[in-house]
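A look at the structure
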Amino acid sequence: MRLAGPLAPLRNRQFRLLWTGMSASLVGDGVLLVALAWQVYDLYGTPAAMSAVGVALSLPQVVTLLFGGVVSDRFDPRKVMLGSDLVRGLVMATLATLSLTGQLSSLWSILVLTAIYGAAAGFFGPAFDATVPRIVPAGDLVAANALDQFVRPAGLQIFGPMLGGAVIGIAGAGWAFAIDAATFALSVACLLAMRRIASVESPEASAPSSSDESMWQEMRAGFRYVRGQVWLWGTFLSATFTYLLFVGPTEVLLPYVIKHELGGSATALGLVLTSGGLGAIAAALTVGWFGIPRRFMTYMYSVWAVATLAVAGYGAATHTWQLAVACVLVNGLEAAGTVAWATTKQRFVPEGMLGRVSSLDWFVSTALLPLSYALAAPIAAWIGVRETLIGAGLLGAVVTFGFLFLPGMRRIEENAGYRPRHLREGGLAYIERPAAASGDVPVGAARATAEIEREGIPV
């Protein structure tokens, strides 16, 4: 039977292998999400310890993100993902061994291992983002991104947390870490089964220079390109400050609320995260089937603002089911906006620049995450756990929606009827406006072409 709609990209063997391996590792990440929080709170019992783990996990990832984008543009991104998975799998195997043998008693050992894990993770995201448009036909990109946003919550927030909570309850956190290591092994097997993915030559890479000089030239070219596109750098900065406000409080304080204020178990935490995953899956499938509105930037910022506002529900909830409802809204609306964002980048950013743009996206967006984790515990101690969560949701929503009104932010919506020649063939699934009957290029298209040529990208 021919696959259609959101499942159409699975006809492609390369994408099918990539998606299968990622699905497995995301289930492991969901197991880790519960296991790591429960292990830390069992050993130390304070938000400060979990804040330290969050900093150790996120800071190295921020540092390696920029290099991950350049490496993904210059080399086979499949090998970049392979190296990232191998390192992270080894870290999880080490954590499992230490926990099962009773030697995971020092916070420093957890911090060092999570720092290595975070550094390796910084290479995976840009490599994955650069891979999808190289192996998926342009007409299937919206569906491919919807499948990505389907499997992330399915693994990270449904099956992973459910499995993690059950394993911890039966056998302890050590076996949960071991399961995460096994999922990375499966992901490695899928990546090895994929064919080589050719690198995309860029003008900077072809210039005669040393390897180090060439890498820095390519990185600077990525900076120049992003600097000339308001919709890119504005969205990056929006995410920077929004994540600063709500990610640390959510990751650090939500497990604390469930464990210490509501008297819940690891299973309860898993169920709350699972509900959010179900919301994200429903949103991703809906967007994948119906497509993205023509005013896609307005749409993205609107759903992201409401998603951030829903974080306040974590602070207002007095029962576990209320936390679950808030989690559905946060993750469902976040996923709906992310499908549109990933598709917009893949449609409008040149292929040879996509890895660097993606790494800058990850880098700028997550640059203040270590600070967010570091501030969550002291702010909660100062004004209260619930007050911190409510404030994070309210302030984050205002900041998110405010960036939509940057001058030029929505110009790309006006120019969306134009498709630059450096993009692959295939229509924009969310664009209905036809070209001018006379065959002339619209004024917005000429402006877009000028911007691309100014950055030295051939069209």
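Residues numbered from 1 in each chain as written. Predicted model: local features only at pLDDT ≥ 70, side-chain atom pairs only at ≥ 80, totals over all residues. Heavy atoms only, no water.

A separate point is helix α4 (residues 107–135). Each full turn of the α-helix corresponds to 3.6 residues, which orients residues three or four apart in the same direction. Taking 1.5 Å per residue as the helical rise, α4 with its 29 residues ought to reach 42 Å, and the 42 Å between its terminal C-alpha atoms agrees with that figure. Counting buried residues along α4, 21 of its 29 residues qualify, which places the element largely inside the surrounding structure. (Helix = DSSP H or I, 4+ residues; strand = E, 2+ residues; numbered from the N terminus. Expected span 1.5 Å × (residues − 1). Buried < 20%, exposed > 50% of the residue type's maximum accessible area, 1.4 Å probe, protein only.)

Turning next to the side chain of Asn 331. Considering the arrangement of structural elements, one finds Asn 331 in helix α13 (residues 320–348). Given a relative accessible area of 17%, Asn 331 falls into the buried group. With sequence-adjacent residues up to four places away left out, Asn 331 is seen in contact with Gln 157, Gly 276, Ala 280 and Tyr 314. (Contact = heavy atoms within 4.5 Å.)

We now examine a nonpolar patch on the surface. On the surface, Leu 371, Leu 375, Ile 379, Trp 382 and Ile 383 cluster together to form a nonpolar patch covering roughly 490 Å² of accessible area. Checked against the element boundaries, Trp 382 lands in helix α15 (residues 369–383). (Patch = residues over 30% accessible without salt bridge, like charges linked within 9 Å, V, L, I, M, F, W, Y side chains within 5 Å. Areas by Shrake-Rupley, 256 points an atom, 1.4 Å probe, with all protein chains shown as cover. Salt bridge = Lys/Arg side-chain N within 4 Å of Asp/Glu carboxyl O.)

Before going further, it helps to spend a moment on the layout of surface pockets. Of the voids in this model, the second largest pocket is the one considered here, and its volume is about 200 Å³. Contributing to the lining of the second largest pocket are 13 residues, with Leu 245, Pro 249, Ile 379, Thr 388 and Ala 392 lying nearest its centre. Of all the elements in the fold, those that place two or more residues in the lining of the second largest pocket are α9 (230–261), α15 and α16 (385–402). Here the residues of the lining of the second largest pocket sort into 9 nonpolar, 3 polar and 1 charged. (1 Å grid on protein atoms, 1.4 Å probe; cavity = no way out; pocket = protein on both sides within 12 Å on 5 of 7 lines; lining within 4 Å. Points joined across faces, edges and corners; volume = space filled by probe spheres on them. Nonpolar A, V, L, I, M, F, W, Y, C, P; charged D, E, K, R; others polar.)

This paragraph deals with the packing of helix α3 (residues 77–100) against helix α6 (residues 173–193). Two numbers describe how α3 lies on α6: the axes approach to 8 Å, and their chain directions differ by 160 degrees. It follows from the interaxial angle that α3 and α6 lie roughly antiparallel. At the point where α3 passes α6, the crossing takes the left-handed sense. Of the residues assigned to the contact of α3 with α6, the class counts are 17 nonpolar, 4 polar and 4 charged. (Axes fitted to C-alpha atoms, helices over the stretch in contact; angles between N-to-C directions. Parallel < 35°, antiparallel > 145°, perpendicular 65-115°, else oblique. Left-handed = near helix turned anticlockwise from the far one by under 90°.)

Let us look at the packing of aromatic side chains. For the structure on display, the rule yields 11 aromatic pairs. When the ring of Trp 231 is compared with that of Trp 341, the centres are 5.8 Å apart and the planes differ by 75 degrees; the resulting orientation is edge-to-face. You can see Trp 231 sitting in helix α9 and its partner Trp 341 sitting in helix α13, a full 110 residues away along the chain. The class of Trp 341 is buried, set by a relative accessible area of 7%. For the pair Trp 231 and Phe 348, a centre-to-centre distance of 6.3 Å together with 70 degrees between the ring planes defines the contact as edge-to-face. Here Trp 231 is found in helix α9, whereas its partner Phe 348 is found in helix α13, with 117 residues between them in sequence. For Trp 231, a relative accessible area of 6% corresponds to the buried category. For Phe 348, a relative accessible area of 11% translates into the label buried. By way of ring pairs, the aromatic residues Trp 231, Phe 236, Phe 296, Tyr 301, Trp 304, Trp 341 and Phe 348 are connected into one cluster. Above the face of the Tyr 117 ring, Arg 88 is positioned so that its terminal group lies 5.8 Å from the ring centre. (Phe/Tyr/Trp six-rings, centres within 6.5 Å; stacked < 30°, edge-to-face > 60°. Lys NZ or Arg CZ within 6 Å of the ring centre and 35° of its normal.)

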